[in-house]
Amino acid sequence: MRYRTFTEADYPAMQALDLRLQRHHDPAFDTLPERERDGRTHTSLPALKFYERSEHSFAAEQGDTLMGFILAQSVWQGDRPLVLVRTVAVAPDAPEGTHEGLLHAAVKSAYDTAVYELHFTLTPELHAAALAESAVVTGQSAVCHLGTRADTAPGIRLRPGPQGA
């Protein structure tokens, strides 16, 4: 599996994967009003252009096939920046570890740009990735504290075990 920044050439495959996942999670997706369908997808042209420039968004590919993507951006919280993950989309047939690889790519890009926190919604699919990155949980969010902040981070540190435990 290769994790890389994505380009405009990847947009059609990203949009197709997003649509595939929307239909997978809601079989009635195509019957929704157009405005509702547009509101549920994450890969509009303006959104993809924005995240392409964010420095923290990546595609996962195996051979020539897009297997997933992560959309994240740097934002300010008070007096410091953090990276906020908006979307993690992974094909149902993607190899095991794809979620972990995408999250790790975003964590590494945050650290490389001197941003020492990465926030994301903790879903069952991201539990193993959060555990691998030593995330702490605050509510339904997980935070990866990087550098020396990891030693004093508030929250409950994830532990190996059943998801949600």
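Residues numbered from 1 in each chain as written. Predicted model: local features only at pLDDT ≥ 70, side-chain atom pairs only at ≥ 80, totals over all residues. Heavy atoms only, no water.

Trainee: Now, about the confidence of the model for the chain: what can you tell me, with residues and values included?
Mentor: In this model, the chain carries an average pLDDT of 90, and 89% of its residues clear a pLDDT of 70 or more. Looking at the elements of the chain, mean pLDDT is at its lowest for helix α6 (residues 149–152), recorded as 62, and at its highest for strand β2 (residues 58–62), recorded as 97. (pLDDT = per-residue confidence, 0-100. Helix = DSSP H or I, 4+ residues; strand = E, 2+ residues; numbered from the N terminus.)

Trainee: Got a sec to walk through the packing of aromatic side chains? Specific residues and values, please.
Mentor: A ring pair, where both rings are aromatic, is described by two values, the distance of the centres and the angle of the planes. Applying the stated criterion to the full structure yields 3 aromatic pairs. Here the aromatic rings of Phe 50 and Tyr 51 are separated by 5.0 Å at their centres, their planes lie at 80°, and the arrangement is edge-to-face. For Tyr 51, a relative accessible area of 9% puts it in the buried group. The interplanar angle of 75° and the centroid separation of 5.7 Å between the aromatic rings of Tyr 111 and Tyr 116 together place this pair among those described as edge-to-face. (Phe/Tyr/Trp six-rings, centres within 6.5 Å; stacked < 30°, edge-to-face > 60°. Buried < 20%, exposed > 50% of the residue type's maximum accessible area, 1.4 Å probe, protein only.)

Trainee: Which residues make up the side chain of Glu 61, and what values go with them?
Mentor: Of note, Glu 61 is situated in strand β2. In this structure the side chain of Glu 61 is engaged in a polar contact, spanning 2.7 Å, whose partner is the side chain of Arg 2. Engagement of the side chain of Glu 61 in a polar contact is seen with the side chain of Arg 4, the distance being 3.1 Å. Apart from residues no more than four positions distant in its own chain, Glu 61 is found in contact with Met 1, Arg 2, Arg 4, Leu 66 and Met 67. (Polar contact = N/O pair within 3.5 Å; in protein donor to acceptor, adjacent residues only side chain to side chain. Contact = heavy atoms within 4.5 Å.)

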